[in-house]
Every structure is written in C-alpha cells, then in structure tokens.
Amino acid sequence: MTKFRKLNRPTGHRMAMLRTMVSQLVKHERIETTVAKAKEIRRLADNMVQLGKEGTLCAARRAAGFVRGDEVIHKLFTELAYRYKDRAGGYTRLLRTRIRVGDAAPMAYIEFIDRENELRQSKPAVPQLPQRAALDPWTRSQLTRNFAPPKEEKKSDSDSDL
C-alpha cells in the first residue's frame, strides 16, 4: 500500500476515516475538512474516479472494496465517469477556507471540478503546442554555429613578450 500521512491515528481508524470521507465526497461532491486530510482524500478520490472511468468488473470490485454504499459506486461508474471521460486527471480541487476556532487547524473545502454550484470555476484546457520536427545532427550543429558568438583565443602574457 502507498504511503499516507499518519494524521495522528492508528492505521485501522485512519483507513476507515479516509474511506468514509471519500464516500461522502463522492456522494455530496464537496466536503469541508482539515487541509492535511483533504490532501489525502484528493489522492484517493482521484483513484476512485479513475476506476470509474475504466468501467470493468475488476475496477468495480476494487472500488466497492474501498468506498461505502451502493449509490456511491453507482455514481462513480455512471455520473462521474461520464463527466470526466475526456479529462486525464485532477478531478478534485482544494480550497483553503479558514482557521478552525477550537484548535487553530487550517480548514479547506475539497470538491469535484466541472460541477454545478462549484466555488471556483475550473480553468479552460490549455491547447498543446504543435511539435517541431526533429533536426538531424548536422543541421542542428550548423544552426548553433550561426547563433553562437565566435570563440576568442586567449592570449597569455608570455606569448606577447616574445
């Protein structure tokens, strides 16, 4: 299993908490939690959406082994998989909100992007620049010779005395 933040909890409690929070994120599409927990939830939620996009029986069983609830699994494999079918990754957004009053913990919203009533609009996709054709080594060396400054020869003091 991958390395997670310990979040000051035993392993069983931590995994149960993360499973529940990912399930609630998928169900409600926005939750408020601490920044450290939100960063861990983001990793796991992106993995669950990726499983939903695969759409295979194996992916469904892996997702069912992690998230809680049949309606959550259904939403992963239908609504979220369709919404993010053209997106390669980055399905969640983390927005820092406030400092909690009781213990001064930094709080944040974690939400899915490209949904209704989102707190911040997602950025448009950046168009990819066209790829340049590769140059053969001879042409490349000629081009660099044209743009490079001429080399200057160093003169030593002993040569000037002769």
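If you look the protein up in an unreviewed UniProt entry, it shows as Ribosomal protein L17 from Linum tenue. As recorded by UniProt, the Sequence similarities (unreviewed entry) comment attached to the protein reads in full: "Belongs to the bacterial ribosomal protein bL17 family."

What follows concerns the packing of helix α2 (residues 35-54) against helix α4 (residues 70-83). Here α2 crosses α4 at 90°, and the two axes come no closer than 8 Å. Classified by the interaxial angle, the pair formed by α2 and α4 is roughly perpendicular. Between α2, through Met48, Val49, Leu51, Gly52 and Lys53, and α4, the contact on the second element is made entirely by Leu76, Phe77, Leu80 and Ala81. A breakdown of the residues in the contact of α2 with α4 according to their chemical character gives seven nonpolar, one polar and one charged.

What follows concerns the pairing of strand β2 (residues 92-99). Alignment of β2 against strand β3 (residues 106-112), held across six bridges, turns out to be antiparallel. Residue leucine 95 lies in a different strand from β3, and its bridge partner there is tyrosine 109. Taken together, β2 and the strand that follows it, β3, pair antiparallel across an intervening segment of six residues, in which alanine 104 is found at a positive phi of about 60°.

Counted by the stated rule, this structure contains 10 salt bridges. With a closest N to O distance of 3.5 Å, glutamate 111 and arginine 30 form a salt bridge. Residue glutamate 111 is found in strand β3, and its partner arginine 30 is found in strand β1 (residues 30-34); the two are separated by 81 residues along the sequence. Judged by relative accessible area, glutamate 111 falls into the buried class, the value being 0%. Where arginine 83 meets glutamate 79, a salt bridge forms, and the shortest distance between an N and an O atom there is 3.0 Å. Here the residue arginine 83 and the residue glutamate 79 both occupy positions in helix α4, the gap between them amounting to four residues, near one helical turn. Arginine 83 sits in the partly exposed class, given a relative accessible area of 23%. Using a relative accessible area of 38% as the deciding quantity, one classes glutamate 79 as partly exposed. Overlapping salt bridges, with partners in common, bring together Glu29, Lys75, Glu79 and Arg83 in one network.

Overall, antiparallel pairing links the three strands, which are arranged β1-β3-β2 in an open sheet. Looking at which strands have only one partner, the edges of the open sheet turn out to be β1 and β2. Averaged over all pairs of adjacent strands, the angle between their axes in this sheet comes to 25°, without regard to strand direction. Bridging between β1 and β3 involves five bridges; their strand directions are antiparallel. Across the sheet, the residue bridging to arginine 30 is glutamate 111, located in β3.

Another aspect to go through is the packing of aromatic side chains. All told, the structure shown has two aromatic pairs when counted by the stated rule. Geometrically, the ring pair formed by tyrosine 84 and phenylalanine 112 is tilted, given 6.3 Å between the ring centres and 40° between the ring planes. One end of the pair, tyrosine 84, is in the loop between α4 and β2; the other, phenylalanine 112, is in strand β3, and 28 residues separate them in sequence. Phenylalanine 112 gets classed as buried once you look at its relative accessible area, which sits at 0%. Each residue in the set Tyr84, Tyr91 and Phe112 is aromatic and connected to the rest through ring pairs, giving one cluster. A cation over an aromatic ring shows up here: lysine 85 above the ring of tyrosine 82, its NZ or CZ 3.9 Å from the ring centre.

Conventions used here
- Residues numbered from 1 in each chain as written.
- Predicted model: local features only at pLDDT ≥ 70, side-chain atom pairs only at ≥ 80, totals over all residues.
- Heavy atoms only, no water.
- UniProt positions renumbered as here; feature names shortened; annotations may be inferred.
- Axes fitted to C-alpha atoms, helices over the stretch in contact; angles between N-to-C directions.
- Helix = DSSP H or I, 4+ residues; strand = E, 2+ residues; numbered from the N terminus.
- Parallel < 35°, antiparallel > 145°, perpendicular 65-115°, else oblique.
- Contact = heavy atoms within 4.5 Å.
- Nonpolar A, V, L, I, M, F, W, Y, C, P; charged D, E, K, R; others polar.
- Pairing = 2+ DSSP bridges.
- Salt bridge = Lys/Arg side-chain N within 4 Å of Asp/Glu carboxyl O.
- Buried < 20%, exposed > 50% of the residue type's maximum accessible area, 1.4 Å probe, protein only.
- Phe/Tyr/Trp six-rings, centres within 6.5 Å; stacked < 30°, edge-to-face > 60°.
- Lys NZ or Arg CZ within 6 Å of the ring centre and 35° of its normal.

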